[in-house]
Amino acid sequence: MFRIAGHSTTTARRTPRRLLAATAAFLSLSFTGAALPHSVAAATEPTGGSVSVAPASPQVPAGVTAGVAVFDRQTGTFTEQLAPAATFRSASVVKLLIALDFLWNRSPDTIPAADRTRLDAMLRSSQDAAASHYWSTYGGSAIVERMVTRLGLADTAPPPAGYEGYWGYTAMSARDTVKTYRHILESAPAPVRDFVMGRLRQSTRCASDSFDQHFGVAAAFDRPWAVKQGWSGRYAKGNCGSGSTTAARGIDASAPASAGAGDASVDLSRPALHTTGTVGAGDRSIVAVLTLHPDGTSYGKAYTDLGRLTRSLNVPGGTAPKGKWYGTWGQDVAVRTEPVVGDNLLIRLPAGVEVLVGCQKKGQPVSVPPYTNDWWAYLPQYGGYVTNIYISHPANQLPDVPLCTDPK
């Protein structure tokens, strides 16, 4: 049954779709333009505390193809492996190899200021222009070939014939990604290790192309963590940040406007979303989760599915954040600094994404006639509030979420 999220308890009937459509103009003025609701079931799995009791095997959502490897550096063993040698187009994960290649015989302390700026943007906010600069300047596919030899990578390969100019089509596996992080942490010169990992710890929520890149590892675990994410596909425009939704297209800048499925081992077509990095004190666990999603999957759906998969993993040293996970509905739904509508926009959510709700409180009423809701959900990972109208639950006040007691 389809239900409107957060509708008033005084109104028993469902809002007709034509009435919702008629109110879109109102919403665009008062709350950044919500779209019609769709069937996103509320996800209220309990969270909080150590994730060491996670299921023995990764929980892969239906339709998702995944390669997973989790390595515990304290014990020197893998705690999770699922198709760890399977190759995926790397998207922006290859930026790790690009950065390491440039720094191979250089110290970050001696490189030109322009390169420090480029590397900072490439590693923290996944800037494609920086990666393209190094790719074109230092040999393109030769970068990958050098790093394969230097790190002893087994599954990594340059982009396939015909796509040599597209760094995002470099093939990588989960186990090679783990090996790359192990090199950074255990073999690279200390200045290189500190430079690279320092940037990954400072990953910006909004990437340079206005996509929210704090999915997967960054959402599933409390800090400390460090991440390098990747996304490639025909997603809708990114909407991350407080500005208008005028971001670049959801196609990796390293990829052509269209591409076939590639060879038998690397799919160049289906939407890709990858989360990689380290979790826990002392970078205890290395996590690599590479995924492909069915054609037509939205960014919010891929974001949610990757999040559920990542939360199912046994990651030693990782701690799950406290709160309840809920689905949302709507387009460009705003997260605000306070539970009121005004000049206080923090960020816009990917359409239909799951969010972690920490607590709730009453604030300014928001209306989607004939429904009105004055409850707002606090999203700790965003540091702001979203009106409960856009939470996928039929009640105005979420029944299993505590009241906010802090000054926020």
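To be clear, the structure that these remarks concern was listed above.
Residues numbered from 1 in each chain as written. Predicted model: local features only at pLDDT ≥ 70, side-chain atom pairs only at ≥ 80, totals over all residues. Heavy atoms only, no water.

Colleague: I tried to follow the state of the cysteines on my own but got confused; where do I start?
Modeller: By definition, a disulfide links the sulfur atoms of two cysteine residues through a covalent bond. Counting across every chain of the model gives two disulfides. In this model Cys 206 forms its disulfide with Cys 240; the gap between the sulfur atoms is 2.0 Å. Taking the sign of the S-S torsion, about -75 degrees here, the bridge from Cys 206 to Cys 240 comes out left-handed. Here Cys 206 is found in the loop between α8 (190–201) and α9 (217–220), whereas its partner Cys 240 is found in the loop between β6 (225–232) and β7 (272–279), with 34 residues between them in sequence. (Disulfide = S-S within 2.5 Å. Helix = DSSP H or I, 4+ residues; strand = E, 2+ residues; numbered from the N terminus.)

Colleague: Could you clarify how one ought to interpret the pairing of strand β2 (residues 65–72) in this entry?
Modeller: Moving residue by residue along a regular strand, the side chains alternate between the two faces of the sheet. Of all eight residues in β2, seven are buried, a share of seventy percent or more. Both β2 and strand β8 (residues 285–292) contribute to a ladder of eight bridges, which runs antiparallel. Bridge pairing in β8 links Val 70 to Val 287. Alignment of β2 against strand β3 (residues 77–82), held across five bridges, turns out to be antiparallel. The residue of β3 that forms the bridge with Phe 71 is Phe 78. In sequence, β2 turns back onto β3 through a hairpin of four residues, with Gly 76 there showing a positive phi of about 70 degrees. (Buried < 20%, exposed > 50% of the residue type's maximum accessible area, 1.4 Å probe, protein only. Pairing = 2+ DSSP bridges.)

Colleague: Please clarify how the packing of aromatic side chains should be interpreted in this entry.
Modeller: Within a pair of aromatic rings, the relevant descriptors are the distance that separates the centres and the angle that separates the planes. With the rule as written, the count across this model stands at 16 aromatic pairs. Feature note: the residues Phe 211, Phe 215, Trp 231, Tyr 235, Tyr 299 and Tyr 303 constitute an aromatic cluster, connected by ring pairs. The aromatic ring of Phe 102 is capped on one face by Arg 106, whose charged end is 4.2 Å from the ring centroid. Seen from the ring of Trp 325, Arg 311 lies directly overhead, with NZ or CZ sitting 3.9 Å from the centre. (Phe/Tyr/Trp six-rings, centres within 6.5 Å; stacked < 30°, edge-to-face > 60°. Lys NZ or Arg CZ within 6 Å of the ring centre and 35° of its normal.)

Colleague: Quick question: what am I supposed to make of the nonpolar core here?
Modeller: One recurring pattern in soluble globular proteins is that nonpolar side chains are buried together. By size, the foremost hydrophobic cluster in this structure holds 51 residues, and its most contacted members are Val 357 and Leu 379. In terms of residues, this core owes the most to one element, helix α10 (residues 299–311), which gives five residues. Apart from residues no more than four positions distant in its own chain, Leu 379 is found in contact with Val 335, Leu 349, Val 355, Leu 356, Val 357, Gly 384 and Val 386. Judged by nonpolar contacts, the second largest core, of 40 residues, contains Leu 103, Met 122, Ile 143 and Met 197. (Core = buried A, V, L, I, M, F, W, Y, C linked by side-chain atoms within 4.5 Å. Contact = heavy atoms within 4.5 Å.)

Colleague: Would you take a moment to explain the packing of helix α4 (residues 113–124) against α8 for this structure?
Modeller: When two helices pack together, their arrangement is given by the angle between the helix axes and by the axis-to-axis distance. As a packed pair, α4 and α8 sit with axes 8 Å apart at the nearest point and diverge in direction by 50 degrees. Here α4 lies oblique to α8, going by the angle between them. Here α4 runs over α8; the crossing is right-handed. Of the residues in α8, those touching α4 at Arg 116, Leu 119, Asp 120, Leu 123 and Arg 124 are Phe 195, Val 196, Arg 199 and Leu 200. A class-by-class count of the residues in the contact of α4 with α8 yields five nonpolar, no polar and four charged. (Axes fitted to C-alpha atoms, helices over the stretch in contact; angles between N-to-C directions. Parallel < 35°, antiparallel > 145°, perpendicular 65-115°, else oblique. Left-handed = near helix turned anticlockwise from the far one by under 90°. Nonpolar A, V, L, I, M, F, W, Y, C, P; charged D, E, K, R; others polar.)

Colleague: Explanation requested: the sheet that holds β8 in the structure shown.
Modeller: What holds strands together in a sheet is hydrogen bonding between their backbones, with the strands either parallel or antiparallel. Pairing within the open sheet is antiparallel, and its five strands lie in the order β3-β2-β8-β7-β6. The open sheet has two free edges, formed respectively by β3 and β6, since each of these has just one partner strand. When the angles between neighbouring strand axes are averaged without regard to direction, this sheet yields 5 degrees. Running over the sheet, α8 touches β6 and β7 and is turned about 75 degrees from β6.

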